[in-house]
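# Understanding the architecture of this molecule
Here are the chains, one letter per residue:
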Amino acid sequence: MTRSDGYLLDNRQSEAAERFDAFATLFDPTTFRHLEGFGIGPGWRCWEVGAGGTSVVSWLAKKVGPTGKVVATDIDTTLLAPVARPPVEVRVHDVAAQEPPGDGFDLVHARLVLVHVPDRERALRSMVKSLRPGGRILVEDADPALQPLLCPDEHGPEQRLANRLRHGFRQLLAERGADLSYGRRLPRLLREAGLHRVEADAYFPLTSPACAALESATVRQIRSQLVEAGLATDEDIDRHLANVAAGGMDLATAPMISAWGRKG
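One structure accompanies this document, and this report is about it.

Basis of the calculations
- Within each chain, residue numbers correspond to sequence positions counted from 1 in written order.
- Given that this is a predicted model, residues contribute local features only at a pLDDT of at least 70 and side-chain atom pairs are listed and counted only at 80 or more, while totals for whole chains, interfaces and linings are drawn from all residues.
- Side-chain descriptors were evaluated using all non-hydrogen atoms of the structure, hydrogens and water having been removed beforehand.
- Basic side-chain nitrogens of Lys or Arg form a salt bridge, by our definition, when they fall within 4 Å of a carboxyl oxygen of Asp or Glu.
- Only DSSP runs of H or I with at least four residues qualify as helices, and only runs of E with at least two residues qualify as strands; both kinds are numbered from the N terminus onward.
- Only protein chains enter the accessibility calculation, which uses a 1.4 Å probe. A residue is then buried if its area is under 20% of the maximum for its type, exposed if over 50%, and partly exposed in between.
- Nitrogen and oxygen atoms within 3.5 Å of one another constitute a polar contact, given that in protein one can donate a hydrogen and the other can accept it, and given that sequence-neighbouring residues count only through two side-chain atoms.
- A pocket here means an open set of points on a 1 Å grid, computed over the protein atoms alone, that has protein on both sides within 12 Å along at least five of seven lines. A cavity is instead a set of points where a 1.4 Å probe fits but cannot get out; residues with an atom within 4 Å of a point line either one.
- Grid points are joined across faces, edges and corners, and a volume is the space filled by probe spheres set on the points.
- Polar here means any residue other than Ala, Val, Leu, Ile, Met, Phe, Trp, Tyr, Cys and Pro, which are nonpolar, and Asp, Glu, Lys and Arg, which are charged; Gly is therefore polar.
- As used here, the term nonpolar core means buried Ala, Val, Leu, Ile, Met, Phe, Trp, Tyr and Cys residues forming a set that is joined through side-chain atoms within 4.5 Å.
- It only takes one pair of heavy atoms within 4.5 Å for two residues to be counted as in contact.
- Any two strands are treated as partners once DSSP identifies two or more bridges connecting them.
- Fitted lines through C-alpha atoms serve as axes, helices being fitted only where they are in contact, and the angles separating the N-to-C directions of these axes extend from 0 to 180 degrees.

## Observations regarding the pattern of salt bridges
- For the structure shown, the criterion picks out 17 salt bridges.
- When the shortest N-O distance is used, the salt bridge between Arg-33 and Asp-201 registers 3.5 Å. Placement of the pair is Arg-33 in helix H1 (residues 16-37) and Asp-201 in strand S6 (residues 195-203), with a sequence separation of 168 residues.
- Assessed through its relative accessible area of 48%, Arg-33 is described here as partly exposed.
- Since its relative accessible area comes to 25%, Asp-201 is described here as partly exposed.
- As a salt-bridge pair, Arg-132 and Asp-106 come within 2.4 Å of each other at their nearest N and O atoms. Here Arg-132, found in strand S5 (residues 131-142), pairs with Asp-106, found in strand S4 (residues 105-111); they are 26 residues apart in sequence, far enough to count as distant.
- Under the relative-accessibility criterion, Arg-132 is labelled partly exposed at 31%.
- Residues joined in a network through salt bridges with shared partners are Lys-69, Glu-89 and Arg-91.

## As for the side chain of Asp-76
- Counting through the fold element by element, Asp-76 comes out in the loop between strand S2 (69-74) and strand S3 (88-92).
- Of the residues examined, Asp-76 reaches a relative accessible area of 8% and is grouped as buried.
- In terms of polar contacts, Asp-76 uses its side chain to reach the side chain of Thr-78, at 2.5 Å.

## A closer look at the layout of surface pockets
- Roughly 750 Å³ of volume is contained in the largest pocket.
- As for the largest pocket, its lining consists of 47 residues, and the residues nearest its centre are Arg-19, Phe-23, Phe-27, Leu-112 and Leu-214.
- Where the lining of the largest pocket is concerned, the elements lending two or more residues are H1, helix H2 (55-64), helix H4 (157-175) and helix H6 (209-228).
- No other element matches the eight residues that H1 contributes to the lining of the largest pocket.
- Of the residues belonging to the lining of the largest pocket, the class tally is 28 nonpolar, eleven polar and eight charged.
- Within this model, the second largest pocket holds a volume of roughly 220 Å³.
- Lining of the second largest pocket is provided by Arg-120, Glu-121, Leu-124, Arg-125, Val-128, Asp-179, Tyr-182, Arg-185, Leu-189, Glu-192 and Ala-193.
- Of all the secondary-structure elements, those providing two or more residues to the lining of the second largest pocket are helix H3 (120-129) and helix H5 (186-192).
- A total of five residues in the lining of the second largest pocket trace back to one element, the largest contributor, which is H3.

## Quick notes on the nonpolar core
- Counting 25 residues, the largest nonpolar core has Trp-47, Val-108, Leu-114, Leu-124, Met-127, Ile-137 and Val-139 as the members making the most contacts within it.
- Residue assignment for this core shows that the elements contributing at least two residues are strand S1 (45-49), S4, H3, S5 and H5.
- With four residues, H3 is the single largest residue contributor to this core.
- If near-sequence neighbours (up to four positions away) are discounted, Val-108 is found in contact with Trp-47, Val-49, Met-127, Ser-130, Leu-131, Arg-136, Ile-137 and Leu-138.
- Cys-46, Val-57, Ala-61 and Leu-107 belong to the second largest nonpolar core, which has 21 residues in total.

## Observations regarding the environment of Ala-16
- Considering the arrangement of structural elements, one finds Ala-16 in helix H1.
- Taking C-alpha positions, Ala-16 is 7.6 Å from Ala-217, a pair spaced 201 residues apart along the chain.

## As for the pairing of strand S7 (residues 256-263)
- The buried fraction of S7 is high, at six of eight residues.
- Here S5 runs beside S7; their pairing, made up of seven bridges, is antiparallel. Bridge pairing in S7 links Leu-138 to Trp-260.

## Concerning the sheet that holds S1
- Strand order in the open sheet formed by seven strands is S3-S2-S1-S4-S5-S7-S6, and the pairing between neighbours is mixed. The open sheet has two edge strands with one neighbour each: S3 and S6. Across the sheet, the mean angle from the axis of one strand to that of its neighbour is 15°, orientation sign disregarded.
- Most of the contacts of H1 go to S4, to which it runs at about 150°, and overall it touches S4, S5, S6 and S7.
- Sitting on the sheet, H3 touches S1, S4, S5, S6 and S7, and the angle it makes with S5 is about 145°.

Structure (structure tokens):
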């Protein structure tokens with residue numbers, strides 16, 4: 001992932017690992033289903049862009065085996081230390097500012113990365129450039145503008161507070177350069193990049209323990225920014241976190257749109 005000076009969700013913060021665990025629970029089944037559909041197997045060379053956590057990297061490593069390779073990159077690789085052994089190579093890398101960490105990849109994958117990258121067009125070009133002819137790319141990103149609510153069923157004060165804080169979170173993201181409607185554009189962008197057989201789908205969790213865990217970790221991580229921007233008070237946040245912990249709300253995520261294609 002690429003961090004600007006105002007990047008909101010730093011991997012070095014204590015809540016980051018909680019967020020990655022929630023992402024893994026919510027989205028790994030969708031990601032793995034798509035990757036399985038590509039026929040990934042022993043000997044594949046893969047680039048995991050903005051890896052952040054370890055779940056996808058570990059899964060890829062098992063699939064490609066000792067004859068394959070997984071290059072896992074991020075601007076902050078702190079959380080990748082446990083998987084930094086063959087066939088995994090961990091590199092500090094800025095996908096929007098540096099050349100690809102190799103070429104001839106059979107697979108390039110990024111999940112919940114490009115929406116945050118200021119120069120996401122350059123990043124996507126770099127990812128496509130690194131593929132071998134016939135190689136596959138899977139880009140998965142959120143589209144918070146497509147479904148902006150934390151509680152789509154806004155039937156009480158707890159839900160209204162939750163949605164107000166979610167609006168504040170989206171405002172902070174937008175002010176820091178995030179594209180809140182990026183996910184829906186992925187199929188077109190992949191076609192414009194020259195990829196063939198482009199397809200896409202979306203996954204939209206409406207409620208689960210992982211949704212609640214993600215919300216709690218996210219709000220705690222951005223608490224000071226919400227307060228400093230006048231988007232919430234400490235009392236608002238304490239009340240919301242207590243509501244989340246009570247387990248009585250249905251908490252959704254933004255839809256994650258998965259788009260994939262093949263290099264000619």
